[in-house]
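Listed below are the residues making up each chain.
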Amino acid sequence: MTWTIAVGVKQVPDADEVGIDPDTGRLDRASAPAVMNGPDRHALEAALTIRDQVGGEVIAMTMGPPNATSVLEEAVAMGSDDAVLISDRAFAGSDTWPTSLTLARAAEALEADVVVCGEETTDSSTGQVPPGIAAHNGWAQLTYAEAVDARPEEGRLAARRDVEGGYELVAAELPVVVAVAFGEFDPRPAPLHRKIYGENDFEPTVWDAEALGIEDEVGLDVSPTSVGRMETVDPVERKGEVVDEVDGLLEPIAEVRA
Amino acid sequence: MTPELDTETRAAPNYDDQFDAIVVGAGLAGSAAALTMASRGLEVLIVERGSSPGAKNVFGGVLYTPTIRELTEFDDAPLERYVAERRFSMLSRDDETAVSLRPGEWHREPHNDSYTVLRGEFDEWFAEQAVEAGATLVTETTVTGLVRERGRIVGVETDRPDGTIRAPYVVLAEGGNSLVSEGANLKPTESRENVAVAVKEVLEFPDREGVIEDRFRLVDDAGVSYHYFGEGAVGDAFGGGFIYTNEETVSVGVAYRIEDAVAADQSPEETLNAFKTHPAVAPLVRDARTVEYSAKTIPEGGAESVPDLVHDGGVIVGDAAGLVLNNGVHLEGTNMAVESGYHAARAIARAADRGRTDAAALRAYPEALEQSFVVQNLERYAWLMDAVEADRDLLFEELPRAFADAGTEYFRMDRQPKEVHADDAKDVVLDALGGWTGAAKLALRYRKVVT
Ligand SMILES: Cc1cc2nc3c(=O)[nH]c(=O)nc-3n(C[C@H](O)[C@H](O)[C@H](O)COP(=O)(O)OP(=O)(O)OC[C@H]3O[C@@H](n4cnc5c(N)ncnc54)[C@H](O)[C@@H]3O)c2cc1C
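As annotated in an unreviewed UniProt entry, chain B carries the name FAD-dependent oxidoreductase and comes from Natronococcus pandeyae. Recorded in UniProt for chain B, the comment headed Cofactor (unreviewed entry) runs: "FAD".

The name an unreviewed UniProt entry assigns to chain A is Electron transfer flavoprotein subunit alpha, from the organism Natronococcus pandeyae. Here is the UniProt Sequence similarities (unreviewed entry) comment for chain A, exactly as written: "Belongs to the ETF beta-subunit/FixA family."

Now the structure itself:
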């Protein structure tokens, strides 16, 4: 059995080139060239790693304007087998809710066993899209994955998850959405011939909102996000205590709950 | 209804012999070659190691454009300013003696085909012209070696996985630091005395509207190219300093022999800083902020160090072939790079028509180059480097000082008659030159620089 592995990639303004205008002190995003979101390269690497483990196909998907094709070309150059551009004027103004719905429907259409995403995007940093995809489809999710271990015989994907103070090993039933911890999957360089092919001769499939049957469920109108105001919050101080014996665990918990 | 993937995909793409030619380096020479070949219907692959063409190019800059103008829609090119003034200045430790030229003709199109440019922008644009003509560009890919079969060049190796690609012709346009050509024994490693090190800064003037126009006496898109010689420019090394005006920045830098940089115990950075603080230079760059710093080597062996330009399946063009003229009055490499790329491309196109890849079939390239200004200029000045090296102390230390002193004497304001001042001035210069005989010999030796 082989797996179909979908990877979500996004085009963002190059973070290295987003300068701060020295005179006004404002972020200058407009003049920065568009590149692939850094964490998505790591997601691609994770997807290719899973393919190396089980065999199958890696399909890159992006929701964006027609010129976002360049990130799909890059994904194909790196090793993705195919790619799909999900593009429609109707998507304008979509926040993370319709965006994750769109990608969820695309993943379904691709019959994906695994969806791999970057931890977050450098231009909005919400980190909400991967869990959103899982929620819309009712699929399992593995967030902050540092390592992946495909177990086709069990029909499960295991991941080592970064958690505060250590890690945990979690195995999830397919289909599963994986959000990759940034920095854990060093992206492989594109092979020369694939790079020439991806950048020059490859043309992605294009789907619009109607193809995915979501034309009435996307765009600004159905985006629930509204920014009320911004506030800097201080982290809450937490009490930490190490108990040596399992038996000793009950008492401190009872104390906290009292 | 579920949408389908309708892409035609290729599992294992392979481009061996899908291109007629591979060009190593998207600098001026490489893009000129690629553009010329693509316009003649050849399939061309350009391989560039930078993240974009020009990203790694250090250039002080005046771009000389007679050939580029012929090859492109030049009106769209990203130029900074045209050169409206050239100034040659001798610096001793704290004196300056200068000659300035501002011909009216330079203000008029085509501005003597001399423009300041920022290579990051210009090279990207020029490579784009080649791509529009049909060439394929891959960036962030470094060529690490040549593929050869029975001596013939049949492709290149790169630093990428699956990184070898074959094509009938390879154009080596890798610039002065020509590791591929040297690694393949197509040219010897340049000897130290024939290599100059250049460091350059791009400066901006925050919050100062019109400062460049005011300091350099400019209007609109007129600009300057200032050249400096003597110990005030590069200490006791053999070379010079320069200042060029861009649209909103100035480029300031020094270029001198690597050999001196090693021997004279001064880092390129220190040399540049000393130049920028010379009393004649400091006011021009006052209150500036450095936005870019870069260093590079310039080949300056002249005609003698030009290697064999054609091989079976390959040609060498531009700086990689040592095609730079640097004689004190002229520093020209951009025009030679473009001219050589152009002639090499034409020779390849003709050889391809006849289905031949051997060196003999490519000889049209060196032949055309020999008829062109490129080799003629290099040969004309071949003798100069040796002469200058022999007269180094005189030219770069004693003469600048003597001219400054002579000027001081000539214009001295005291109660002596002018005749005395004139005699004193003459004596200072003659002393430095070794009397009338010395002066006559020197004049004879260097007359060809300007005549
Ligand atoms: C400080 C300075 C000031 C100068 N001032 C002037 C001037 O005022 N006027 C003038 O006419 N000339 C000037 N020159 C000379 C001029 O810059 C060069 O002659 C000209 O740039 C040569 O062009 P080229 O295409 O041969 O090489 P380059 O412009 O050096 O281009 C070589 C290209 O090849 C790429 N490359 C190199 N190796 C590899 C590899 N292995 N694989 C893939 N890509 C590779 C490089 O990244 C680069 O893009 C100056 C030079 C310097 C350094």
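Residues and elements named next belong to chain B. Taken together, 35 residues lie near the ligand, and Glu48, Arg119, Lys296, Asp319 and Thr334 sit nearest. Arg49 is positioned such that a nitrogen or oxygen atom in its side chain is 3.1 Å from an oxygen atom of the ligand. One nitrogen or oxygen atom from the side chain of Arg119 is found 2.5 Å from an oxygen atom belonging to the ligand. Taking 1,000 Å² as the accessible area of the ligand by itself, protein coverage stands at 98%. Mapped by element, the contributors of at least two residues to the shell around the ligand are helix H1 (28-39), strand E3 (62-64), strand E14 (239-245), strand E16 (289-299), strand E20 (331-332) and helix H9 (334-353). Here the residues of the shell around the ligand sort into 18 nonpolar, 10 polar and seven charged. Each of two domains, domain 1 (7-78 + 117-190 + 302-371) and domain 2 (192-299), supplies a minimum of three residues to the shell around the ligand.

Below, the discussion takes up the nonpolar core. Core analysis: the biggest nonpolar cluster contains 163 residues, and Ile50, Val116 and Leu157 of chain A together with Met37, Phe275 and Tyr365 of chain B have the highest contact counts within it. Considering every element that reaches this core, the biggest residue donor is H9 of chain B, with nine residues. When sequence neighbours within four positions are dropped, the list of residues in contact with Met37 of chain B reads Ala21, Val23, Leu42, Val44, Val171, Ala345 and Ile348 of chain B. Among the nonpolar cores identified, the runner-up in size contains 28 residues, and Ile59, Leu101, Cys117 and Trp207 of chain A belong to it.

Moving on, we come to the side chain of Ser181 of chain B. Relative to the helices and strands, Ser181 of chain B resides in helix H4 (residues 179-183). With residues near it in sequence (within four places) discarded, Ser181 of chain B still touches Leu172, Glu174, Leu186, Lys187 and Ile316 of chain B.

Each side of the interface is counted separately: chain A has 29 residues, and chain B has 31 residues. Between chain A and chain B, roughly 2,300 Å² of surface is buried when both sides are summed, and carbon and sulfur atoms account for 60% of that area. On the surface where chain A and chain B come into contact, there are one salt bridge. The salt bridge partner of Arg10 of chain B is Asp201 of chain A, with a shortest N-O separation of 3.4 Å. Broken down by secondary-structure element, the contributors of at least two residues to the side of chain A that touches chain B are strand E7 (82-86), helix H5 (192-201) and strand E13 (205-207) of chain A. Ranked by the residues each element gives to the side of chain A that touches chain B, the list is headed by H5 of chain A, at nine residues.

Conventions we followed
- Residues numbered from 1 in each chain as written.
- Chains lettered and ligands numbered in written order.
- Predicted model: local features only at pLDDT ≥ 70, side-chain atom pairs only at ≥ 80, totals over all residues.
- Heavy atoms only, no water.
- UniProt positions renumbered as here; feature names shortened; annotations may be inferred.
- Near = heavy atom within 4 Å.
- Polar contact = N/O pair within 3.5 Å; in protein donor to acceptor, adjacent residues only side chain to side chain.
- Areas by Shrake-Rupley, 256 points an atom, 1.4 Å probe, with all protein chains shown as cover.
- Helix = DSSP H or I, 4+ residues; strand = E, 2+ residues; numbered from the N terminus.
- Nonpolar A, V, L, I, M, F, W, Y, C, P; charged D, E, K, R; others polar.
- Domains from an automatic or database assignment.
- Core = buried A, V, L, I, M, F, W, Y, C linked by side-chain atoms within 4.5 Å.
- Buried < 20%, exposed > 50% of the residue type's maximum accessible area, 1.4 Å probe, protein only.
- Contact = heavy atoms within 4.5 Å.
- Buried area = accessible area lost by both parts, 1.4 Å probe.
- Salt bridge = Lys/Arg side-chain N within 4 Å of Asp/Glu carboxyl O.

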